[in-house]
Structure formats: C-alpha cells, structure tokens
Amino acid sequence: MRPVPIALSPQRTAALAMPTTGPLVDSFGRVHTDLRISVTDRCNLRCVYCMPEEGVAWLPRAEILTFEEIERVASVAHELGVDSVRLTGGEPLVRADVTDLVARLGRIGFSDLSMTTNGTGLARLAPALVAAGLKRVNVSCDSLKPERFASIRRRGALATVLEAMDAAEAAGLPAVKVNVVVIAGVNDDEILDLAAFSRDTGRIVRFIEFMPLDADETWERAKVVPGEEILARINDVWPLEPASERAVDPAPADRYRFLDGRGEIGVITSVSRAFCGSCNRLRLTADGAIRNCLFAIGEHPVRDLLRSGASDAELALLVRQAVWAKRAGHGINDPSFLRPARSMSMIGG
Ligand code: SAM
C-alpha cells in the first residue's frame, strides 16, 4: 500500500491559522529545526527489525530525488530555520557519489551535518565524507558477537563495522555514536557488554527501543525492552546520572553519564516513554515526500512541485503545511494506532 498524500489537518486549521513567516512551527507550537533526509531506499543489509530478507522492490530511479532536488528542499528548509541535517536511508553510502551531496549540503551552511550508516562502506568513504563537510556519524551495530551480528543483519560482518568506526575517527570525525536496536530475547543479554564497549572506546552507545516499523511485521510489545530497564541493568553495575534534560534538549536520546567519568550512553524510548512533546524533526523520503513523523500515515509530496517549476515560496509553503499538520504524538500506545504503510528503510530512520 502506498502512502496517501494528505492535506492540512482540517480540525486544527479551522481553529488556528498557520503562520507563513517566522519559525517552522506546528499547530502545537513545536519549532522544527532538524531535517532527516533519506537519500535512497536501497540497503546492502537486511536487518530483521527493518527490512524483509528477500523480495524487496526498490523504488524506480526516476522516482528518487536527484541531488539538485534534495539540495533545493534542504536550502528552502534552511531558510525556514532548519539548522541540522542528518542523511539516512536505506543505506546512504550505497547511493553513488553521496559525498557530492554532502558537499552540496555543506555549502548551505547547516550548523550540524551528520549521517546514520550501517558502516559497511564507511571505512573507504570516511576521508572523502570528512573532506566534503560531514561533521558526525552514527553507526548501527546491534551486537558485539560476530555470529549474532550476522543473524540480526542477515548480511555483512561485525569486523567491517568495527573497523569502520576506527576509520571514521582516524579520518577526523568525533567519536562515533553507536546505534543498537534492543530486542528482547535477541540481544538484550548484551546490554552490559555494549555499555562496557562504550566505556572502553569513548563511543556513545545509544540503546533504541524496537519500534513497530519492521517490514516483516514481527514487532510485538513483548520484544520491546523499556529504556528504564536498560538503564537499571547498567546502573546496577556502573552507576549513571542524567546528562541531558528533555525539557531543553530535543534530541531523541536521553543521555546518561557514568558517575566514574568513563563516558556516556543514551536511550531512545520511542515506545515506552515517547518524547513527541519535544520533537523538532521532519523527514524527506528518497522519493520526495515530506513526513512530519516516523509514524505519520499521510505525507506531503514535494517531488511533483519540484519537477513542475514551483518557486521556493511554493516549496516553503508545502514544508510549512507538512509541519503544521503534525499530530500531537505518534500514538503507538493508543488503541487506534495504525502502523504506517512504509517500513523504516522506506521512510529513513
Ligand atoms: N542503513 C543505515 C543504518 O543501518 O544505520 C541508516 C538507516 S536505518 C533505517 C536508521 C536507524 O534506524 C538505524 O539506527 C536502525 O537501527 C534504526 N531502526 C531501523 N528499524 C528500526 C526499528 N524497527 N526500531 C528501532 N530502530 C530501528
């Protein structure tokens, strides 16, 4: 099922007028400054929590935004106050010449320009990415045991990803952040090993609750390990204290530092303790739709506008409408919750 284009949320727009100047704000007053750009739906891995093992139908090339089109949307968003961009996918490093896109975005002048990658192509590309202006990288790595890593990702090797982390730092990037999707009964017995890895390497491991965005639709609540439990298990061994405050930090991870000074970890509690109230993010899919939430059912297609000669002002209006239509929360815990039609790799995590 393809996502449906949506218009403005009728109830709220009837009551409130969308501002056409000033910050990029939704109808609940949340100011949006962070744009996640999916540069491709393609991936060279098949992680169990994200993609099907076989039979993936890639988007036709003509439907994928060109670098010029992505740059244009990013530039309009920048004018509207977006100051931070993260490239994702699919796997961003499988898109040919992605360093060229990084350079284009770098010239727009975002204060932060980062990427989330599975790490498989990172060792080779890290120097070029740094030269192009990439400032930070998050590398996904859900296990420190080679065989388990292979069974979760269904392709690729742990050693390649660990080498990629070293290579990224050697190329000049700050300590990488390591994304771990925690699934009960799959890798939750490694929480302490991963915390130790964080303490030993200075890399911030971010434990992410498993979200209902897997293509195989095997998600169930029993597979979610709540962030609170993850923290408790680590805190029992290495005491932690909060290093961030949700009220002032819109980042998805709640950060905690080790009391003995050996670095920090993060937990992303999207399921057990949603942080929608401080959400400042919008997304651009590889095929040119603006999504105002990972779990949005509707989308605002920008590609046709781009390809029909629309002005920057028209593009900006669409971006504003997309943000204005955002719901108060993702609603995972509401009885009426519906999974979005697209899974994570199609949205851009
Ligand atoms: N290919 C890149 C990678 O593997 O990091 C970028 C895309 S991936 C969709 C972005 C992030 O989404 C990764 O950190 C991944 O672990 C996370 N992710 C994917 N599916 C998820 C799910 N069902 N629940 C929680 N996180 C998920």
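Quantities reported herein were computed from a predicted structural model and do not represent experimental measurements.

For the rest of this paragraph, the subject is the site of the ligand. As a matter of local geometry, the ligand sits amid 18 residues, with Tyr49, Gly90, Glu91, Ser140 and Met211 nearest to it. At 2.8 Å from a nitrogen atom of the ligand is found a main-chain nitrogen or oxygen belonging to tyrosine 49. Residue asparagine 179 places a side-chain N or O atom 3.0 Å away from an oxygen atom belonging to the ligand. Starting from 550 Å² of accessible surface for the ligand in isolation, the protein chains cover 96%.

Turning to its location among the elements, aspartate 214 is positioned in the loop between strand S7 (204-209) and helix H8 (227-237). The exposure class of aspartate 214 is buried, given its relative accessible area of 0%. Separated by 2.6 Å, the side chain of aspartate 214 and the backbone nitrogen of threonine 218 make a polar contact. In contact with aspartate 214, not counting residues within four places along its chain, are Val48, Tyr49, Cys50, Trp219, Arg339 and Ser343.

So, on to the pattern of salt bridges. Here the idea is simple: oppositely charged side chains can pair when their charged atoms come close. Using the criterion set out here, one finds 27 salt bridges in the structure. For the salt bridge of aspartate 312 with arginine 72, the shortest nitrogen-to-oxygen distance reads 2.8 Å. On the criterion of sequence distance, the pair formed by aspartate 312 in helix H10 (residues 312-324) and arginine 72 in helix H2 (residues 67-79) is long-range, its members being 240 residues apart. In this structure aspartate 312 comes out as partly exposed when scored by relative accessible area, which is 43%.

Moving on, we come to the state of the cysteines. If you walk through the whole model with that rule in mind, you get 0 disulfides. Of all cysteine sulfurs in the structure, the one in cysteine 47 sits closest to cysteine 43, which takes part in no disulfide; the separation is 6.2 Å. The thiol of cysteine 50 is not disulfide-bonded; the next cysteine sulfur, from cysteine 47, is found 6.4 Å away. Cysteine 50 gets classed as buried once you look at its relative accessible area, which sits at 13%.

We now examine H2. Its 13 residues place the ends of H2 18 Å apart at the C-alpha level, agreeing with the 18 Å of an ideal helix rising 1.5 Å per residue. Among the residues making up H2, those that are buried are Phe67, Glu69, Ile70, Val73, Ala74, Val76 and Ala77. Buried residues belonging to H2 abut strand S2 (34-38), helix H3 (98-108), strand S11 (281-284), strand S12 (289-291), helix H9 (303-307) and H10. Of the residues flanking the end of H2, it is glycine 81, one or two places downstream, whose phi is positive at about 110°.

Parameters at a glance
Residues numbered from 1 in each chain as written. Predicted model: local features only at pLDDT ≥ 70, side-chain atom pairs only at ≥ 80, totals over all residues. Heavy atoms only, no water. Near = heavy atom within 4 Å. Polar contact = N/O pair within 3.5 Å; in protein donor to acceptor, adjacent residues only side chain to side chain. Areas by Shrake-Rupley, 256 points an atom, 1.4 Å probe, with all protein chains shown as cover. Helix = DSSP H or I, 4+ residues; strand = E, 2+ residues; numbered from the N terminus. Buried < 20%, exposed > 50% of the residue type's maximum accessible area, 1.4 Å probe, protein only. Contact = heavy atoms within 4.5 Å. Salt bridge = Lys/Arg side-chain N within 4 Å of Asp/Glu carboxyl O. Disulfide = S-S within 2.5 Å. Expected span 1.5 Å × (residues − 1).

Structural measurements only, silent on function.
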